[in-house]
Amino acid sequence: MTYTAHFKVWRGDADGGDLNDYQVEVNEGEVVLDIIHRLQATQASDLAVRWNCKAGKCGSCSAEINGRPSLLCMTRMSVFTADETVTVTPMRAFPVIRDLVTDVSFNYAKAREVPAFVPPAGLKPGEYRMQQQDVERSQEFRKCIECFLCQDTCHVVRDHEENKIAFSGPRFLMRIAELDMHPLDAAAEEGLDRKVSAQDDHGLGYCNITKCCTEVCPEHIKITDNALIPLKERAVDRKYDPLVWLGNKILRR
Ligand code: SF4
Ligand code: F3S
Ligand code: FES
């Protein structure tokens with residue numbers, strides 16, 4: 001079925017902008033990115049949109065559709081009725097560069113602040129051995145395509161620019177959780193307690209487990225249940241471990 005849809009697309013740049021109205025053709029099987037491309041081809045050749053794979057794997061086409069953080073290439077037009085207005089806006093948590101393209105460098109800065117995996121001393125690559133359940137736990141987190149939709153939706157930074165200094169967001173707290181649960185990570189031997197760092201350096205305490213991050217993740221990673229809550233539990237366990245408490249008392253004398 002081919003029909004004409006009503007689209008509202010945000011056009012503008014760092015100095016401001018507005019929603020523009022378009023009537024555009026929609027064909028059977030198309031996704032929102034197809035419609036944005038048709039707009040570029042027929043009515044708005046200077047419309048800026050970032051995309052690469054059109055397969056939900058590069059994480060580039062993140063934006064907001066009817067206010068919900070979504071991948072443009074993975075949102076089917078069939079989820080909307082023919083008479084529904086579809087509104088496409090840039091991700092709200094990040095500064096606009098132009099039209100639907102935002103500056104996501106906040107995320108790269110936070111990524112750089114997470115120390116890498118520390119290989120165990122005395123073992124060469126190829127000699128690492130792990131339980132299958134530990135492999136599977138890491139693999140879930142490594143499905144991340146770095147679309148940053150979870151970062152965009154989290155209320156801690158979505159409307160609170162000031163929290164960005166202290167809070168790294170669900171994607172990077174998940175990365176810390178992955179490393180903290182990794183049985184071969186030797187960061188602790190080098191004096192880095194990832195649980196303490198998650199709290200002190202990355203704002204784990206700001207997360208009040210609203211699970212909005214999990215709801216928008218296109219890879220269906222259970223960010224809150226499998227990464228953030230276990231990381232919080234491990235951090236609390238450490239804080240209230242009587243041996244750790246005693247050790248801290250003695251060391252502080
Ligand atoms: Fe995107 Fe999910 Fe990765 Fe967040 S965890 S950046 S929502 S793929
Ligand atoms: Fe934000 Fe996800 Fe926590 S949306 S508050 S990081 S559960
Ligand atoms: Fe690659 Fe949408 S274009 S995820």
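- As recorded by an unreviewed UniProt entry, the protein carries the name Succinate dehydrogenase/fumarate reductase iron-sulfur subunit and is attributed to Streptomyces fildesensis.
- Listed in UniProt under the heading Sequence similarities (unreviewed entry), the comment for the protein reads: "Belongs to the succinate dehydrogenase/fumarate reductase iron-sulfur protein family."
- Under the UniProt heading Pathway (unreviewed entry), the entry covering the protein gives this text: "Carbohydrate metabolism; tricarboxylic acid cycle."

### What to know about the overall build of the protein
No. 1: Summing up its helical and strand segments, the protein has ten helices and seven strands in all.
No. 2: Dimensions of the protein, computed from C-alpha atoms along their principal axes, come out at roughly 70 × 40 × 25 Å.
No. 3: A separation threshold of at least 6 residues defines the contact pool for the protein, and within that pool the share at least 24 residues apart is 63%.

### Re the nonpolar core
No. 1: Core analysis: the biggest nonpolar cluster contains 51 residues, and Leu173 and Leu231 have the highest contact counts within it.
No. 2: No other element matches helix H6 (residues 170-180), which puts six residues into this core.
No. 3: Excluding residues within four positions of it along the chain, Leu231 makes contact with Leu173, Ile176, Ala177, Asp180, Lys195, Ala198 and Leu204.

### Description of the site of ligand 2
No. 1: In the vicinity of ligand 2, the contacting residues are Cys154, Val156, Pro170, Cys207, Asn208, Ile209, Thr210, Lys211, Cys212, Cys213, Thr224 and Leu228.
No. 2: The set of elements that each furnish at least two residues to the shell around ligand 2 consists of helix H8 (212-216) and helix H9 (223-240).
No. 3: Per-class residue counts for the shell around ligand 2 are eight nonpolar, three polar and one charged.

Analysis parameters
Residues numbered from 1 in each chain as written. Chains lettered and ligands numbered in written order. Predicted model: local features only at pLDDT ≥ 70, side-chain atom pairs only at ≥ 80, totals over all residues. UniProt positions renumbered as here; feature names shortened; annotations may be inferred. Helix = DSSP H or I, 4+ residues; strand = E, 2+ residues; numbered from the N terminus. Contact = placed C-beta atoms within 7 Å. Core = buried A, V, L, I, M, F, W, Y, C linked by C-beta atoms within 7 Å. Buried ≥ 20, exposed ≤ 12 C-beta atoms within 10 Å, placed from the backbone. Near = placed C-beta within 6 Å. Nonpolar A, V, L, I, M, F, W, Y, C, P; charged D, E, K, R; others polar.

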